[in-house]
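# Fold and contact review
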Amino acid sequence: MNVEKIMQDLEHKHPGEAEYLQAVREVLVSIEDVYNKHPEFEKAKLIERIVEPERIITFRVPWVDDKGEVHVNIGYRVQFNSAIGPYKGGLRFHPSVNLSILKFLGFEQTFKNSLTTLPMGGGKGGADFSIRGRSDNEVMRFCQAFMNELYRHIGPDEDVPAGDIGVGAREIGYLYGQYKKLTHQFQGVLTGKGIEWGGSKIRPEATGFGALYFVNQMLQTHGHDIKGKTVAISGFGNVAWGAAKKATELGAKVITISGPDGYVYDPAGLDDEKIEYMLELRASGNDVCEPYVDEFDGAEFFPNKKPWERKADIYLPCATQNELNGQDADQILANKPICVAEVSNMGCTAEAAEKFIAAHQLFAPGKAVNAGGVATSGLEMTQNSMRLGWSSEEVDQKLHQIMSNIHEQCVKYGRQADGYIDYVKGANVAGFMKVANAMMAQGIV
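### Re helix H5 (residues 99–115)
Taking 1.5 Å as the rise per residue, H5 with 17 residues should run 24 Å; its terminal C-alpha atoms sit 24 Å apart, in good agreement. Among the 17 residues of H5, 16 are classified as buried, and the element is accordingly described as predominantly covered. For H5, the side-chain oxygen to backbone nitrogen distance between the N-cap and Ser 100 is 3.1 Å, and the N-cap itself is Asn 98. Of the residues one or two after H5, Thr 117 is the one with positive phi, at around 75°.

### A few points about the sheet that holds strand E2 (residues 70–81)
Pairing is mixed across the open sheet formed by 5 strands, whose spatial order is E1-E2-E4-E3-E5. Single-partner strands in this sheet number two, and they are strand E1 (55–64) and strand E5 (159–162). Within the sheet, the average angular offset between the axes of one strand and its neighbour, ignoring direction, is 20°. Its contacts with the sheet put H5 on E1, E2, strand E3 (87–93) and strand E4 (121–127), and the angle it makes with E4 is roughly 150°.

### Considerations on the pairing of E1
Strand direction decides the pairing type here: E1 and E2, joined by 10 bridges, are antiparallel. Note that in E2 the partner of Pro 62 across the bridge is Val 72. Connecting E1 to the next strand, E2, in antiparallel fashion are 5 residues, including Gly 68 with a positive phi near 90°.

### Some thoughts on the sheet that holds strand E7 (residues 253–259)
Spatially, E9-E8-E7-E6-E10-E11-E12 is the arrangement adopted by the 7 strands of the open sheet, whose pairing is mixed. Two strands bound the open sheet, and with one partner strand each, they are strand E9 (300–303) and strand E12 (363–364). Sheet topology places strand E10 (residues 314–316) next to strand E11 (residues 339–341); 2 bridges connect them, and they run parallel. Bridging from a neighbouring strand, Ile 314 pairs with Cys 339 of E11.

### Describing helix H9 (residues 238–249)
A rise of 1.5 Å per residue sets the reference length of H9, with its 12 residues, at 16 Å; its end C-alpha atoms lie 16 Å apart and thus fit the reference within 8%. Listed in full, the buried residues belonging to H9 are Ala 240, Trp 241, Gly 242, Ala 243, Ala 244, Lys 246 and Ala 247. Downstream of H9 by a residue or two, Gly 251 has a phi angle that is positive, lying close to 100°.

### Focus on the packing of aromatic side chains
For the coordinates displayed, the defined rule picks out 22 aromatic pairs. Geometrically, the ring pair formed by Phe 93 and Phe 129 is edge-to-face, given 6.1 Å between the ring centres and 85° between the ring planes. Placement of Phe 93 in strand E3 and of Phe 129 in the loop between E4 and helix H6 (136–150) is noted, with a sequence separation of 36 residues between them. On the accessibility criterion, Phe 93 (1% relative accessible area) is buried. For the pair Tyr 263 and Phe 302, a centre-to-centre distance of 5.0 Å together with 15° between the ring planes defines the contact as stacked. Pair noted here: Tyr 263 is in strand E8 (residues 262–265) and Phe 302 is in strand E9, with a separation of 39 residues, a long-range link. An aromatic cluster of three or more residues is present, and its members are Phe 59, Trp 63, Phe 93, Phe 129, Phe 142 and Phe 146.

### What to know about the pairing of strand E6 (residues 230–233)
Looking down a regular strand, the side chains alternate between one sheet face and the other. Here E6 runs beside E7; their pairing, made up of 3 bridges, is parallel. Paired with Val 231 across the two strands is Val 254, which belongs to E7. With H9 bridging E6 and the parallel E7, this β-α-β connection has right-handed handedness. Relative to E10, E6 runs parallel, the two being bridged by 3 bridges. The residue bridging Val 231 from the neighbouring strand is Ile 314, located in E10.

### Things to note about the pattern of salt bridges
Per the counting criterion, the structure on display carries 21 salt bridges. A salt bridge links Lys 246 to Glu 249; the shortest N-O distance between them is 2.8 Å. Of this pair, Lys 246 and Glu 249 both sit in helix H9, 3 residues apart, which is roughly one turn of that helix. Salt bridges here are not isolated pairs; linked through shared partners, they connect Glu 26, Glu 108 and Lys 367.

### Let's talk about the state of the cysteines
Scanning the entire structure with this criterion turns up 0 disulfides. Distance from the sulfur of Cys 410, which forms no disulfide, to the nearest cysteine sulfur (Cys 339) is 12 Å.

### Let's talk about the packing of H6 against helix H7 (residues 169–183)
Close contact between H6 and H7 brings their axes to 8 Å; oriented N to C, the two are set at 45°. Comparing the axis directions of H6 and H7 gives the class oblique. For the element pair H6 and H7, the recorded crossing hand is right-handed. Contacts between H6 and H7 involve Asp 136, Val 139, Met 140, Cys 143, Gln 144, Phe 146, Met 147 and Asn 148 on the former and, on the latter, Arg 170, Glu 171, Tyr 174, Leu 175, Gln 178, Tyr 179 and Leu 182. Taken together, the residues of the contact of H6 with H7 break down into 9 nonpolar, 3 polar and 3 charged.

Definitions and limits used
- Residues numbered from 1 in each chain as written.
- Predicted model: local features only at pLDDT ≥ 70, side-chain atom pairs only at ≥ 80, totals over all residues.
- Heavy atoms only, no water.
- Helix = DSSP H or I, 4+ residues; strand = E, 2+ residues; numbered from the N terminus.
- Expected span 1.5 Å × (residues − 1).
- Buried < 20%, exposed > 50% of the residue type's maximum accessible area, 1.4 Å probe, protein only.
- Polar contact = N/O pair within 3.5 Å; in protein donor to acceptor, adjacent residues only side chain to side chain.
- Pairing = 2+ DSSP bridges.
- Axes fitted to C-alpha atoms, helices over the stretch in contact; angles between N-to-C directions.
- Contact = heavy atoms within 4.5 Å.
- Phe/Tyr/Trp six-rings, centres within 6.5 Å; stacked < 30°, edge-to-face > 60°.
- Right-handed = clockwise from strand over helix to strand, strands pointing away.
- Salt bridge = Lys/Arg side-chain N within 4 Å of Asp/Glu carboxyl O.
- Disulfide = S-S within 2.5 Å.
- Parallel < 35°, antiparallel > 145°, perpendicular 65-115°, else oblique.
- Left-handed = near helix turned anticlockwise from the far one by under 90°.
- Nonpolar A, V, L, I, M, F, W, Y, C, P; charged D, E, K, R; others polar.

The structure is reproduced here in structure tokens:
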């Protein structure tokens, strides 16, 4: 495999799709050695097939606001790879949504889902719609208009979307209601549903919980205890909330949260009351965390800055892609932390990730760290298929085991000759090999 040749061809075919090309390059560089040991992969043009989505669906979404004005957004579903199961991946409603971002997310999702060991392929979708400042009725009308087209392309054995940025329990409810009306079917076709109508216990917390189970195993593997450690987190949504909640439960002290407006430093650390307040911030529909300092004494707000300038033992980007850049990585490395782990998808730029690995910093990628969210979605699919519901303890136990298995695979494929564990390489190789073998078995399709 010639990585540069493949990347040149992709850049020619898909100019300007920076996030997608970044994600592909990271995986290809990691798997190059393993791939070249399998000449049958080259003969079957496996890489050329695996980097292209099987299908991309785009559609217009016309809807009417509370004042009677008509709006038109663009809806997408990228069905990336179904070699090991039905397409599985979130829906994102955010003004930044474009095809490059969704292709990068669908590509990453393919390998993340493979790592969970559950039978799920990779997909992603969404729309360039912002819930910010919109009423419940406007959000409902948008979700219904979006599902009016999407329902033709999804199903419990075809494609099972979930939530993502801008798509929480409310939006999943509206989407599911419209799907049911259109199809006359009560199916497990969306995950992140309400507990009363097919949802799984601990699904909202699962991404953050799973991330901390993974981080804890990273620390233990390297002789550290998470108890008493300080944690810098970005974001204040569901993922950051779950991560803060579990980190605090495990005895760590979370000292930052952040939004697009800046970050909050709370030297006392987050407690149960503060963690619950994060949900109020998220539910407000505003992209700000500044009100936190008005609620809690001793907290300081630093406008237009990132939490990475704070000294901490553990750094967890939990907000969005490429939120931690090379300059941020230099700041973090200067603080000599124990661990950095992406809880958001591709939370670090390529430059930042390369700096962490070059410095032999304990560092793990989002496709491994945040796989707990989609793993629990997979558990929700299982419960729906069996027409039953597991207790929180049962789901949490299964989540813990899945994250442990993912960590084990990363260590197996990522341990270097000098003893350093390259979690990026480990995750990419482990995820790739399962998908590659499935594709080879199914022929040229």
